[in-house]
Amino acid sequence: VQGNPNGDVTLVEYFDYQCPFCKRMHPMLKDVVAEDGKVRLVMKDWPIFGAASIRASQLTLGAVSLGAYEQVHDALMATEARLSIKVVEATIAEAVAVEKAEAAYHANRDTWAGLLTRNDHQAVALGFRGTPAFAIGTTLYTGAQLRKNLVDAIAKARAEA
């Protein structure tokens, strides 16, 4: 969870670290959340683009217990779209030791693997076919969104609450 953990609107993003649209939207999404100040942002790893995406998600989730999730997440979102495992590990190493992130992931492997499986099942059940995908309040949005669309969706969710 990022943004305001006690926010009055929850914005959930299903993303993949190799999704070029997720990456382009990421700075704007964080800016909208920060500017609003009352949005609870829930990031849902949905690694659908292969082995490098899975490795990125695993190591980033491992970084949670190291207090480095947001730093690792932002670094990966700032990379070029197509990733290799080598690029994933080099990027993560700028924020936290890869060995530590990997050990932390494996220490809680059942939890994290269960979370990734649950995220996949949720995304499919919601009818999402790719990333990025969003649930803002009770409304679903697929694909990249413009800043105005996000701001309007947050306002709509707030009005419906």
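Check the entry above for the structure.
Just so it is clear, the structure is predicted and the values come from calculations on it, not from any experiment. Each chain has its residues counted from 1, running along the sequence as written. Residue-level local features of this predicted model are given only where pLDDT is at least 70; pairs of side-chain atoms are given and counted only at 80 or more, and the full residue set underlies all totals for whole chains, interfaces and linings. Based on all heavy atoms of the structure, the side-chain values leave hydrogens and waters out of the count.

Right, let's talk about the sheet that holds strand 2 (residues 9–15) for a bit. Only when DSSP finds a minimum of two bridges between them are two strands counted as paired. Labels follow the DSSP assignment, with helices taken as runs of H or I lasting at least four residues and strands as runs of E lasting at least two, numbered in each case from the N terminus. Read from one edge to the other, the open sheet built from five strands follows the order 1-3-2-4-5, with strand pairing classed as mixed. Edge positions in the open sheet fall to strand 1 (2–3) and strand 5 (139–142), since each of these has one partner strand only. Relative to strand 3 (residues 39–45), strand 2 is paired through seven bridges, and the arrangement is parallel. Within strand 3, the position partnered with threonine 10 by the bridge is arginine 40. Note on contacts: a residue pair qualifies if any of its non-hydrogen atoms lie within 4.5 Å across the two residues. Here the axes come from fitting lines to C-alpha atoms, over the contacting stretch only for helices, and the angles between their N-to-C directions go from 0 to 180 degrees. Here helix 6 (residues 109–125) sits on the sheet and contacts strand 2 and strand 3; the angle it forms with strand 3, its principal contact strand, is near 105°.

The next thing to look at is helix 1 (residues 20–36). Between the first and last C-alpha of helix 1 there are 25 Å, a value that for 17 residues agrees with the 24 Å anticipated at 1.5 Å per step. Within helix 1, the full set of buried residues consists of Cys22, Lys23, Met25, His26, Met28, Leu29, Val32 and Val33. Taken together, the buried residues of helix 1 touch strand 1, strand 2, strand 3, helix 3 (69–77), strand 4 (133–136) and helix 7 (147–160). Of the residues trailing helix 1, glycine 37 is marked for its positive phi of about 80°. Residue count minus one, scaled by 1.5 Å, sets the expected span of a helix. Think of it in three bands: with a 1.4 Å probe and only protein chains considered, a residue is buried below 20% of the maximum accessible area for its type, exposed above 50%, and partly exposed in between.

The next thing to look at is the packing of helix 3 against helix 4 (residues 85–93). At a minimum axis distance of 9 Å, the contact between helix 3 and helix 4 shows a crossing angle of 135°. Comparing the axis directions of helix 3 and helix 4 gives the class oblique. Regarding helix 3 and helix 4, the two cross each other, and that crossing is right-handed. The segment helix 3 lies against helix 4, with Val72, Ala75 and Leu76 engaging Val88, Thr91 and Ile92. Residues are sorted three ways: Asp, Glu, Lys and Arg are charged, Ala, Val, Leu, Ile, Met, Phe, Trp, Tyr, Cys and Pro are nonpolar, and all the rest, Gly among them, are polar. Across the contact of helix 3 with helix 4, the residue classes tally to five nonpolar, one polar and no charged. In what follows, roughly perpendicular refers to angles from 65 to 115 degrees, roughly parallel to angles under 35, roughly antiparallel to angles over 145, and oblique to any angle outside these ranges. When the near helix sits turned anticlockwise from the far one by under a right angle, the crossing is termed left-handed; a clockwise turn instead gives a right-handed crossing.

What follows deals with the environment of valine 1. In this structure, valine 1 sits in the segment before strand 1. In this structure valine 1 comes out as exposed when scored by relative accessible area, which is 61%. Residues valine 1 and valine 42, 41 residues apart in the sequence, show an inter-C-alpha distance of 4.6 Å. In contact with valine 1, not counting residues within four places along its chain, are Arg40, Leu41 and Val42.

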